[in-house]
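Read off the chains here:
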Amino acid sequence: MPVELFIGGAWRPASDGARISVADPATEQEIASVASGSVADGLDAVTAAHRAGPGWAATAPRERAEILRRAFDLMTERTDELAALIVLENGKTLADARGEVAYAAEFFRWYSEEAVRSLGTVQTAPSGTNRILVLRQPIGVCVLVTPWNFPAAMATRKIGPALAAGCTVVLKPASETPLTALAIGGILTEAGVPAGVVNVLPSARSGPVVRAMLDDPRVRKVSFTGSTEVGRALLSGAAKTVVSSSMELGGNAPFLVFADADLEAAVDIAMVAKMRNGGEACTAANRFYVERAVADEFTALLTTRMGGLRMGHGLDEEVALGPLVNAESRDKVAALVAQTVAMGATAATGGSIVGGTGHFYPPTVLADVPPGAPVLTQEIFGPVAPVVAFDGETEAVALANDTEYGLVSYVCTGDLAKGLRVAEALDSGMVGLNRGIVSDPAAPFGGTKQSGIGREGGHEGMLEFTESKYIAVEW
Ligand code: NAD
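Residues numbered from 1 in each chain as written. Predicted model: local features only at pLDDT ≥ 70, side-chain atom pairs only at ≥ 80, totals over all residues. Heavy atoms only, no water.

Enquirer: Give me the overall build of the chain: which residues, what numbers.
Expert: Each helix and strand in the chain was counted, giving 15 helices and 22 strands. On C-alpha atoms alone, the chain measures out to a radius of gyration of 23 Å, which is about the 23 Å that the 2.2 N^0.38 rule sets for 475 residues. With respect to the three principal axes, the spread of C-alpha positions in the chain is 65 × 60 × 40 Å. Among the 475 residues that make up the chain, the fraction classed as buried is 56%. (Helix = DSSP H or I, 4+ residues; strand = E, 2+ residues; numbered from the N terminus. Rg over C-alpha atoms; globule rule 2.2 N^0.38 Å. Buried < 20%, exposed > 50% of the residue type's maximum accessible area, 1.4 Å probe, protein only.)

Okay, here's the thing in structure tokens:
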């Protein structure tokens, strides 16, 4: 299991010997000690990526495609090994971890297929005097910063398109989950990625290390996935060198259930939208708005399903809910629930921390949630489902859109025309219509408002790592 920095194709400790202790959130025991990169290491990684840049950009797209395809095969072959690593450092269940490995590997397969489709355009200028030729060129050295909640997929969702486009990268994974990112660095090398093209730099000093890299004019792109708060700080830092920025930030997904929906199916969909990754997903349903006529019945069905989930160590195949990633996350969830209950909500199941080892928080359903409760306005990032009744389509859309976030919304209805009408009116980058999962490597993932800038996945995902070059031609 790699535990050192990966720079210029070599594994090495941090320049000042610093380490990060990585712990299993279920046992609170250290599972590894990982090198923690310094500012000097960050700049070395930029140097390695910068040196490797011209060679990689000049590689035939077909060759880049075949390397990415080999990386897909290697990740897929090693699903069990990688899934176990994700469970150990993140805490999610084995089923979720296996699902993540499959999703993560798909980014390598999808972008192996996109690498050979770097299309430009040619058109006649409106004046008729010349031609407008537009090429897509790799943007250059990219700094990729990823969160802990999908340690594999958030890395491959950036590395896949960057490599396909001909860019070189420095990946800074979250300090909670550096092991999966380092393992992916190893897999890419085995797949044939040349030294310096992918560098992996865990660091507990994220602020100064990332800032130093963004201040370096050799860096041309920052692609960040994480909280809106850190995204804002990075955007203001990026202003200094006007570095191109893609941001995948927080969410506060509304989940609308109309009275004409198949309620049993809506609960199945709700369980996927809420409980994938134990609720630690930017796409997690954060607020359930249910049409008044079916609100009690929906709450009762959801309570039964949530209350029946078995909580424990993610490596146990029978377990449906693991711990939260750390004590801070668990305490934040507990505080949100306590504040909401103090405002008059009732916990239909769960609602308080169960003692013992591990950062566990039980599956919780909150009924009678008053307007303005913090659990409705903030990202919960845990296994908590607040339910609020609404009256009619107009109110449902207004409640759903009343947030500074705009990542994803969910709609359950038996009337497809209504579903599409509501989907169009929702101010979010993505909508799950009678479906609890939207993530797909072939689709443009991303948000409106303060949920982000840009898209990952699909053809758009690769364009984020290119610059347009316009050539005015007379021929
Ligand atoms: P975070 O913002 O705390 O950290 C994300 C990454 O940024 C980590 O690598 C962290 O080390 C680094 N970081 C922290 N402070 C930094 C700084 N000052 N400068 C530079 N880098 C810094 O987020 P998190 O807690 O790891 O992840 C949870 C958040 O991520 C949630 O808000 C969630 O919604 C969001 N998220 C969004 C998406 C999406 O696609 N929109 C996907 C997954 C997670």
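Enquirer: An account of the UniProt feature "active site" (unreviewed entry) in the chain is requested, with residue identities and associated values reported.
Expert: The residues that UniProt annotates with the feature "active site" (unreviewed entry) are E248. Within the secondary structure layout, E248 lies in strand β11 (residues 244-248). In contact with E248, other than residues within four places in its own chain, are R157, F224, T225, G226, L407, F445, G446, G447, S451, G454, R455 and E456. (UniProt positions renumbered as here; feature names shortened; annotations may be inferred. Contact = heavy atoms within 4.5 Å.)

Enquirer: Break down the side chain of S428 for me, with residues and values.
Expert: Looking at the element boundaries, S428 is found in the loop between α14 (416-425) and β19 (430-433). With relative accessibility at 12%, the residue S428 sits in the buried group. Among the polar contacts listed, one links the side chain of S428 to the backbone oxygen of M430, at a separation of 2.9 Å. The contacts of S428, once residues within four sequence positions are left out, are G406, L407, V408, S409 and T448. (Polar contact = N/O pair within 3.5 Å; in protein donor to acceptor, adjacent residues only side chain to side chain.)

Enquirer: Got a sec to walk through the environment of D316? Specific residues and values, please.
Expert: Locating D316 in the fold gives a position in the loop between α10 (292-307) and α11 (327-342). Among the polar contacts listed, one links the side chain of D316 to the side chain of R310, at a separation of 3.1 Å.

Enquirer: Now, about the packing of helix α13 (residues 393-401) against α14: what can you tell me, with residues and values included?
Expert: The geometry of α13 relative to α14 is characterised by a closest axis approach of 10 Å and an angle of 35° between their N-to-C directions. Both α13 and α14 take part in a crossing whose hand is right-handed. Only K418, R421, V422 and A425 of α14 make contact with α13, whose side of the interface consists of E393, V397 and N401. When the residues that make up the contact of α13 with α14 are grouped by side-chain class, the tally is three nonpolar, one polar and three charged. (Axes fitted to C-alpha atoms, helices over the stretch in contact; angles between N-to-C directions. Left-handed = near helix turned anticlockwise from the far one by under 90°. Nonpolar A, V, L, I, M, F, W, Y, C, P; charged D, E, K, R; others polar.)

Enquirer: Describe the pattern of salt bridges, with residues and values.
Expert: Close approach of charged atoms lets side chains of opposite charge pair. All chains considered together, the criterion is met by 21 salt bridges. The closest approach of N and O atoms between R12 and D41, which form a salt bridge, is 2.7 Å. Separated by 29 residues along the polypeptide, R12 in strand β2 (residues 10-12) and D41 in helix α1 (residues 39-58) bring together distant segments of the chain. Look at R12 and you get partly exposed, because its relative accessible area is 25%. Among the charged side chains, a salt-bridge network with shared partners connects R12, D41 and D44. (Salt bridge = Lys/Arg side-chain N within 4 Å of Asp/Glu carboxyl O.)

Enquirer: Any details on the domain arrangement of the chain? Residues and values, ideally.
Expert: Domains assigned within the chain are domain 1 (5-249 + 451-473) and domain 2 (253-440). When each unit is reduced to the centre of its C-alpha atoms, the spacing between domain 1 and domain 2 is 30 Å. Each side of the interface is counted separately: domain 1 has 26 residues, and domain 2 has 32 residues. Approximately 2300 Å² of surface area, both sides summed, lies buried where domain 1 meets domain 2, with 57% of it carried by carbon and sulfur atoms. It is A26, W148 and S451 that lose the most area in domain 1 upon contact with domain 2, and together they represent 22% of the buried surface on that side. In this assembly, domain 1 and domain 2 are joined by one salt bridge. A salt bridge links R98 to E317; its shortest N-O distance comes to 3.0 Å. Across the domain 1-domain 2 interface, the total number found is 11 residue pairs in polar contact (both at pLDDT 80 or more). Breaking the side of domain 1 that touches domain 2 down by element, the ones donating at least two residues are α3 (79-90) and α4 (94-114). (Domains from an automatic or database assignment. Buried area = accessible area lost by both parts, 1.4 Å probe.)

Enquirer: Residue-level account of the nonpolar core, with values.
Expert: M75, F108, I159, L163, L188 and V198 are the most contacted members of the largest nonpolar core, which totals 62 residues. Counting residues per element, this core draws most heavily on α4, at nine residues. When neighbours within four sequence positions are excluded, L163 is seen to be in contact with W56, R64, L68, V169, L188, V193, V197 and V198. The next biggest cluster of nonpolar side chains, apart from the first, holds 32 residues, and it includes V267, M271, F288 and Y410. (Core = buried A, V, L, I, M, F, W, Y, C linked by side-chain atoms within 4.5 Å.)

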